[in-house]
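A closer look at the structure
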Amino acid sequence: LRILTQARISNGDIYITNSGDYLNSPFRGVARWDGQQWHSLGMGTPGFNSKVWALEFFQGDLYIGGSFNKRFFPNDPGVHFARWDGQQWHSSGNPVDVLVSGLVKDDSVLYAISRGDTFGDIRLPKLAAWDGSKWCGTPTNFQIGPTSIAPLQDTMLLLFSSAQIMVNGVQMPQLIYFDGDY
């Protein structure tokens, strides 16, 4: 197994993103280590370009984001966003239009970073929050989406990889915070 992006611990088990494994491997996408051996989560992400970029535990289940797409590869777990309930994968919410590259849990929501601008049936460019049943957020116009986000009390810190950041048409630094107004 090759660890490419992230790892999380839940109930003493280690979950990893594993998009480097061979095509049709049940360990491809996400794998679980119980301290003795590796376990697959369903069929993995068997699609040709199907990769898992992020994983996070939220409301007792494992959520993943990535480039997997059930529309093109029916055995993939969802369309860029999916939930593992411990037994099987579920396509969570309405699909995200472009790959999900980051997931961060904060209190009652799970934030998702995407390269696209549609989460389910609403337009929320690059960043949205999943509350367990629907997408929500502030329709801020990011020219380029954040690389990572971190909640800090009632503030959200956003880090960008480019020096030329435009948010709602205003030039911003690479690290900004959101407390209701940028």
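Our structure is the block above this text.
Below you will find a few notes about this structure. It should be emphasised that the depicted structure is a prediction, and the values quoted were computed from it without experimental measurement.

Parameters and conventions
Residues numbered from 1 in each chain as written. Predicted model: local features only at pLDDT ≥ 70, side-chain atom pairs only at ≥ 80, totals over all residues. Heavy atoms only, no water. Helix = DSSP H or I, 4+ residues; strand = E, 2+ residues; numbered from the N terminus. Rg over C-alpha atoms; globule rule 2.2 N^0.38 Å. Buried < 20%, exposed > 50% of the residue type's maximum accessible area, 1.4 Å probe, protein only. Contact = heavy atoms within 4.5 Å. Areas by Shrake-Rupley, 256 points an atom, 1.4 Å probe, with all protein chains shown as cover. Lys, Arg positive; Asp, Glu negative; His and termini not counted. Charge placed at Lys NZ, Arg CZ, Asp CG, Glu CD. Pairing = 2+ DSSP bridges. Axes fitted to C-alpha atoms, helices over the stretch in contact; angles between N-to-C directions. Phe/Tyr/Trp six-rings, centres within 6.5 Å; stacked < 30°, edge-to-face > 60°.

With that out of the way, let us pick up the overall build of the protein. Across its full length, the protein holds 0 helices and 19 strands. Radius of gyration (C-alpha) of the protein: 16 Å, near the 16 Å computed for a compact globule of 182 residues. Once the C-alpha set of the protein is aligned to its principal axes, its extents read approximately 50 × 35 × 30 Å. For the protein, buried positions account for 46% of its 182 residues. In the protein, 30% of the contacts between residues at least 6 apart in sequence involve partners at least 24 apart. Entry remark: accessible area of the protein is about 9200 Å², with carbon and sulfur atoms responsible for 50%. Looking at charge distribution, the protein has the averaged site of its 13 positive side-chain charges lying 9 Å from that of its 16 negative ones.

Our next topic: unusual backbone geometry. Non-glycine residue Asn11 carries a positive phi angle of around 50°. Along the chain, the position of Asn11 falls in the loop between β1 (7-10) and β2 (13-18). We classify Asn11 as exposed; its relative accessible area is 78%.

Sheets are built from strands paired through backbone hydrogen bonds, the pairs being either parallel or antiparallel. In spatial order, the strands read β1-β2-β3-β4; together these 4 strands make up an open sheet with antiparallel pairing. Edge strands, defined here as strands with exactly one partner in the open sheet, are β1 and β4 (38-40). The mean angle between the axes of side-by-side strands here comes to 30°, regardless of whether they run parallel or antiparallel. Pairing between strand β3 (residues 29-33) and β4: 3 bridges, direction antiparallel. Bridging across to β4, Arg32 finds its partner in His39.

What follows covers the packing of aromatic side chains. Applying the stated criterion to the full structure yields 9 aromatic pairs. With a centroid separation of 5.6 Å and an interplanar angle of 70°, the aromatic rings of Phe81 and Trp130 are classed as edge-to-face. Within this pair, whereas Phe81 is found in strand β7 (residues 79-84), its partner Trp130 is found in strand β13 (residues 127-130), the two being separated by 49 residues in sequence. Residue Trp130 is classed as buried on the basis of its relative accessible area of 3%. Feature note: the residues Phe58, Tyr63, Phe81, Phe119, Trp130 and Trp135 constitute an aromatic cluster, connected by ring pairs.

A separate point is the environment of Ala112. In this fold, Ala112 is placed in strand β10 (residues 109-114). Judged by its relative accessible area of 0%, Ala112 falls in the buried class. Spatially, the C-alpha atom of Ala112 lies 11 Å from that of Gly145, the residues being 33 residues apart in sequence. Setting aside residues no more than four positions away along its own chain, Ala112 makes contact with Val100, Gly102, Leu103, Phe119, Lys126, Leu127, Ala128 and Trp135.

A sheet is described by the order of its strands in space; here 4 strands give the open sequence β5-β6-β7-β8, paired in antiparallel fashion. Edge positions in the sheet fall to β5 (52-58) and β8 (89-91), since each has one partner strand and no second. For this sheet the average axis-to-axis angle between neighbouring strands, irrespective of direction, equals 30°. By the bridge criterion, 5 bridges tie strand β6 (residues 61-69) to β7 in an arrangement that is antiparallel. Across the sheet, Ile64 pairs through a bridge with Ala82, a residue of β7.

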